[in-house]
Amino acid sequence: MSESKSVAQAEISQNLGELNHSPDVDIDAAETQEWISSLEYVLQSKGPERVKFLIDQLRDRAAEEGVPLSSDTATPYVNTIPPHEQPAYPGNRELERRIKSIIRWNAMAMVVRANKRPGGVGGHISTFASSATLYEVAFNHFFKGRGEDGYSGDSVYFQGHASPGMYSRAYLEGRLSDENLDNFRRELAPGGGLSSYPHPWLMPGFWEYPTVSMGLGPIMAIYQARFNEYLNDRGIKDTKGQKVWAFLGDGECDEPETLGAIGLASREKLDNLIFVINCNLQRLDGPVRGNGKIIQELESIFHGAGWNVIKVVWGGEWDELLARDTTGLLAKRMNEVVDGQYQKYTSMPGSYIREHFFGKYPELLELVKHLSDEKLEKIRRGGHDPEKVYAAYHRATTLNNGKPTVILAKTVKGYGLGEAGEGRNVAHNQKKMNEAELLEFRTRFGIPISDEKVGDAPFYKPPASSTEIKYLKERRDSLGGPVPSRPTEHPTLEVPTREDFGKLIAKLEDKSCSTTFAVVQTLIAMCRDKKIGKYVVPIVPDESRTFGMEGMFRQFGIYAHAGQLYEPADSGQIAYYKEAQNGQILEEGITECGSISSFNAAGTAYSCHGINMIPFYIYYSMFGFQRIGDSIWAAADMRAKGFLVGGTAGRTTLNGEGLQHQDGHSLLNAIAFPTVRAYDPAFGYEVAVIVQEGLERMYEKGEECMYYITAENEEYHHPTMPEGCEDGIIKGMYKFKSRDVDGAKARVQLFGSGAILNCALKAQEILAEKYNVASDVWSVTSYTLLRRDAHSVERWNRLHPTETPRKSYLEETLEGVEGPFISASDYVRALGEQLTPWIPGDYYVLGTDGMGRSETRDALRRHFEVDAESITIAALGRLAKAGVFEAADVAQAIKDLDYDPEKTDPYFA
């Protein structure tokens, strides 16, 4: 007995690698056969729709009688599309196979070459090896390019780890050079390199969507598909011919973002959306569902969510076996074996497969006795069979039944790598191959490279006159051009001028309101504007009323693809909840991940659709950079444009809500996002000036950046805009108010931001009236932009030592200004401390370090030491350090201001 046979028999006897199914006992086989015969008669005579109708009727009747029914929504573990329903394959199979083999080789070679060099920059072979057929069939027959207008193509979210395959194909198309491929993951190398994964920021003319942060690609694809419908329903663009494809792995489905929004796709009837899940049964470290069946699990999930599910489990070689099996045992056996065991089959000889898989039932051994062990070993899984994949794509793109579609394609991770990693747990980390493995790969896929050269893993590209290159280019030309691609020149949009915003600014002046109110009024003015109004996309999670946006419901409507099919309970009110098919507001429900995905879709409409849409996403600031920072980073990567508004911002302005809601660090987090211009305005006119500047920079001048604006919910007086302050608002600071004192002992500079600017103004009065200290109060709208400008100037000076030094805006503004300087904001001290190297004098920063808590605003500001008294004491303390006051004077001030010097440090409270 062979070793593989004895191992297989031992495992079968122990029931290893199998699901434990409770057998269904048939107490009346004849009756069962009558029902099956009836079903077959109806199927043959009246078609599948009639069968479905009858089964639904039986199910409903049984439920009415209280019969418990199976909740299993999975179908047998076979292909969804039977052989007789497969359309004829339209392409040249042999040519496509050769092209795919060349692409496989170059994808592998670029990773192997990169890792032969010192430094070992990494790369992944196995993901594309498993999905090459899935991509190639789509490239040759389904992916629509951008077309003549440059904006009519499909959106494709490629699986990040498969990027070498996309580079390899672009190389054959002539879009990338040998040097590019040789510099894979060496982007700073001479001649230009290639980014590790899809990164539009690094390759703006190639990639469209960053996807390698697991889970973000799928959810962004869902909201991209919904946004395409939004554009169509609002009459902005006809997007009916454009599909959205998302390629992902079965292991990626463990990420909550991957499956968390699939219900929205079916509710919104997104039949323009196609998920292709590469089910190679393997996570990064091991099996996805080693003790179960991931395809069956995903089928149930997607079926339950209302999707079309197409399973591509078995290659064409299995069709004949299934047709010959009259017992049903083969399909049963297919369902019994768990995924961990299927993974093992890929690395075992045919004799093991014969004895372990088929050997459990004598009838199955008889079924395959005409097949050699070698043939059994090479029977393909469905994701490696172009005809099966084509049939799935054809059905997915032609169903048009109001449902999104998911294709579950079974593959082998590392397919074609042989001993180097095919189907092994190490496959994800496989980056190197020895010469023998390269020879095997070369021979298996018929690459014309000599034995002498194969060890160098050279790139191979047929001549331009070859049938392979001609065919590859002809197929892409017929479908509208190369994919992926992204235009680098985009249309612009005329936006309102500062003068146009004058009416809004006047409306906000001399008014008691919050900056959130100012933001919403600015948004309403934008939506009403004749130049840009229809392009504005208000986005909000389920917090519109919190932000005072309910007045927008009736004016602009909440987008719903189906319109409003009910009469809202508040229909008698002016601000009733109005949904409409052409609604402008995207109110996403309680989902920041969904909201930012809508932002990303709208923010890249200029490059995807050639239309400058203006997303204006307002949310609880605590749940922005902290909660969905990864998605905002993706927005920066994909060069999204738009406004992010952190509502109810600040650690102390959201009184009562407490620790989980009080944001004192989003502006600190925003520092790390290079394309984000972050502001903390105090007054309505500052909001209006910042928004107008953002519109002009992003949409008229074409800058690819985002504006983050914090907005508080505290009402206070908003003054008239000082003359000539606009430039300072944009650059980060301007002098707001001076307080002179006759015979002043000293002068201090007080920096305030947002609502805390009022504390600085109050401190200014205390210092003047009680301590004879003059002061200037500065509104610091952006510490981060001041710091970036100062850093840029400092760097230029460092690298140009013989030239006249430049000065930053901060240095120019504060030149000759008398200190000390005291900074206070509703954010952590590190925000203000960014400016320390450039402040011309003693500089002390107050901030809200520590955890939030429920309290009144006054109590919170005293707790975090950013109230007027805290600012006053800080100023006196720095003056004492300079010798202007005695230490005893400061101690007396602490007592006079009713300040507890023994209070707990808020940082650790």
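Structure first, text after, so check above.
Throughout what follows, the structure given in this document is the object of discussion. (Residues numbered from 1 in each chain as written. Predicted model: local features only at pLDDT ≥ 70, side-chain atom pairs only at ≥ 80, totals over all residues. Heavy atoms only, no water.)

1. A look at the overall build of the protein chain
In step 1: Scanning the protein chain from N- to C-terminus turns up 37 helices and 20 strands.
In step 2: Taking 909 residues into account, the globule formula puts the C-alpha radius of gyration at 29 Å, and the protein chain, at 33 Å, falls close to it.
In step 3: When its C-alpha atoms are laid out on the principal axes, the protein chain stretches across 110 × 75 × 55 Å.
In step 4: Residues counted as buried form 58% of the 909 residues belonging to the protein chain.
In step 5: For the protein chain, the exposed surface amounts to about 36900 Å²; the carbon and sulfur share of it is 50%.
In step 6: Separation of charge centres in the protein chain, based on 100 positive and 127 negative side chains, amounts to 4 Å. (Helix = DSSP H or I, 4+ residues; strand = E, 2+ residues; numbered from the N terminus. Rg over C-alpha atoms; globule rule 2.2 N^0.38 Å. Buried < 20%, exposed > 50% of the residue type's maximum accessible area, 1.4 Å probe, protein only. Areas by Shrake-Rupley, 256 points an atom, 1.4 Å probe, with all protein chains shown as cover. Lys, Arg positive; Asp, Glu negative; His and termini not counted. Charge placed at Lys NZ, Arg CZ, Asp CG, Glu CD.)

2. Section: the sheet that holds strand β18 (residues 773–780)
Within a beta sheet, neighbouring strands are joined by backbone hydrogen bonds and run either parallel or antiparallel to one another.
In step 1: What the five strands build is an open sheet, ordered β16-β18-β17-β19-β20; its pairing is mixed. With partners counted over all chains shown, the strands left at the sheet margins are β16 (733–739) and β20 (843–846), one partner each. Within this sheet the neighbouring strands show an average axis-to-axis angle of 20°, counted without direction.
In step 2: In the sheet, strand β19 (residues 821–824) pairs with β20 via four bridges, with the strands oriented parallel. Residue S823 lies in a different strand from β20, and its bridge partner there is V845. (Pairing = 2+ DSSP bridges. Axes fitted to C-alpha atoms, helices over the stretch in contact; angles between N-to-C directions.)

3. Considerations on the pairing of strand β12 (residues 642–647)
In step 1: Of all six residues making up β12, six are buried, and the element is well covered by its neighbours.
In step 2: Residues G642, L644 and G646 of β12 are buried on one face, and the alternating residues F643, V645 and G647, pointing to the opposite face, are buried as well.
In step 3: Relative to β12, strand β11 (residues 614–620) is paired through five bridges, and the arrangement is parallel. In the sheet register, F616 faces β12, and the bridge partner there is F643.
In step 4: Each parallel crossover has a hand, and the one from β11 via helix α27 (residues 629–637) to β12 is right-handed.
In step 5: Pairing geometry for β12 and strand β14 (residues 706–710), over five bridges, is parallel. Residue pairing across strands places G642 opposite M706, the latter belonging to β14. (Right-handed = clockwise from strand over helix to strand, strands pointing away.)

4. Quick look at the sheet that holds strand β10 (residues 586–587)
In step 1: The strand order across the open sheet built from six strands is β10-β7-β11-β12-β14-β13, with neighbouring strands paired in parallel fashion. The open sheet terminates on both sides in strands that have one partner only, identified here as β10 and β13 (676–679).
In step 2: Bridge analysis of β13 against β14 gives four bridges, and the strand direction is parallel. The residue of β14 that forms the bridge with V676 is M706.

5. Considering a nonpolar patch on the surface
In step 1: A cluster of nonpolar side chains, L39, L43 and I55, forms an exposed patch at the surface whose accessible area comes to about 230 Å².
In step 2: Tracing the chain through its elements places L43 in helix α2 (residues 29–46). (Patch = residues over 30% accessible without salt bridge, like charges linked within 9 Å, V, L, I, M, F, W, Y side chains within 5 Å. Salt bridge = Lys/Arg side-chain N within 4 Å of Asp/Glu carboxyl O.)

6. So, the packing of helix α5 (residues 126–141) against helix α18 (residues 386–398)
In step 1: Between α5 and α18, whose axes approach to 9 Å, the crossing angle comes to 60°. In terms of orientation, α5 and α18 fall into the oblique class. Relative to α18, α5 is oriented so that their crossing is right-handed. Where α5 abuts α18, its residues T133, L134, V137, A138 and H141 lie against P386, V389, Y390 and Y393.
In step 2: For the contact of α5 with α18, the residue count by class is seven nonpolar, two polar and no charged. (Parallel < 35°, antiparallel > 145°, perpendicular 65-115°, else oblique. Left-handed = near helix turned anticlockwise from the far one by under 90°. Contact = heavy atoms within 4.5 Å. Nonpolar A, V, L, I, M, F, W, Y, C, P; charged D, E, K, R; others polar.)

7. Brief notes about the environment of G304
In step 1: For G304, the location among the structural elements is in helix α11 (residues 294–304).
In step 2: Given the relative accessible area of 63%, G304 is considered exposed.
In step 3: As for G304 and A74, which are separated by 230 residues in sequence, their C-alpha atoms are 9.6 Å apart.

8. Some points on empty space enclosed by the protein
In step 1: According to the stated counting rule, one finds seven cavities of 30 Å³ or more in the structure shown.
In step 2: Counted as a void, the largest cavity has a volume near 80 Å³.
In step 3: Lining of the largest cavity is provided by 14 residues; of these, K144, R146, G153, D154 and E208 occupy positions nearest its centre.
In step 4: Considered class by class, the residues forming the lining of the largest cavity number five nonpolar, five polar and four charged. (1 Å grid on protein atoms, 1.4 Å probe; cavity = no way out; pocket = protein on both sides within 12 Å on 5 of 7 lines; lining within 4 Å. Points joined across faces, edges and corners; volume = space filled by probe spheres on them.)

9. So, the pattern of salt bridges
In step 1: Taken as a whole, this structure holds 57 salt bridges when the rule is applied.
In step 2: For the salt bridge of R226 with E588, the shortest nitrogen-to-oxygen distance reads 2.4 Å. One end of the pair, R226, is in helix α8 (residues 216–233); the other, E588, is in the loop between β10 and α25 (592–603), with 362 residues separating them in the sequence.
In step 3: Residue classification places E588 among the buried residues on the basis of a relative accessible area of 9%.

10. Some thoughts on the pairing of strand β4 (residues 308–312)
In step 1: In terms of burial, β4 is largely enclosed, as five of its five residues are buried.
In step 2: Going residue by residue along β4, you find N308, I310 and V312 tucked away on one face and V309 and K311 tucked away on the opposite face as well.
In step 3: Strand direction decides the pairing type here: β4 and strand β5 (residues 405–410), joined by five bridges, are parallel. Within the sheet, the bridge partner assigned to K311 lies in β5 and is L408.

11. Some remarks on the layout of surface pockets
In step 1: There is about 2600 Å³ of room inside the largest pocket.
In step 2: Taken together, 46 residues line the largest pocket, and the ones lying closest to its centre are P48, V51, K52, I55 and T75.
In step 3: Mapped by element, the contributors of at least two residues to the lining of the largest pocket are α2, α3 (48–64), α11, β4 and α12 (317–324).
In step 4: Element by element, the count of residues in the lining of the largest pocket is highest for α3, at nine residues.

12. Focus on the packing of helix α4 (residues 93–116) against α5
When two helices pack together, their arrangement is captured by the angle between the axes and the distance separating the axes.
In step 1: With their axes 10 Å apart at the nearest point, α4 and α5 run at an angle of 135° to one another. One element, α4, and the other, α5, form an angle in the oblique class. By crossing handedness, the relation of α4 to α5 is classed as right-handed. Across the interface between the two elements, E96, I99, K100, I103, R104 and A107 of α4 pack against F128, A129, A132, T133, E136, N140 and H141 of α5.
In step 2: Residue composition of the contact of α4 with α5, grouped by class: six nonpolar, three polar and four charged.

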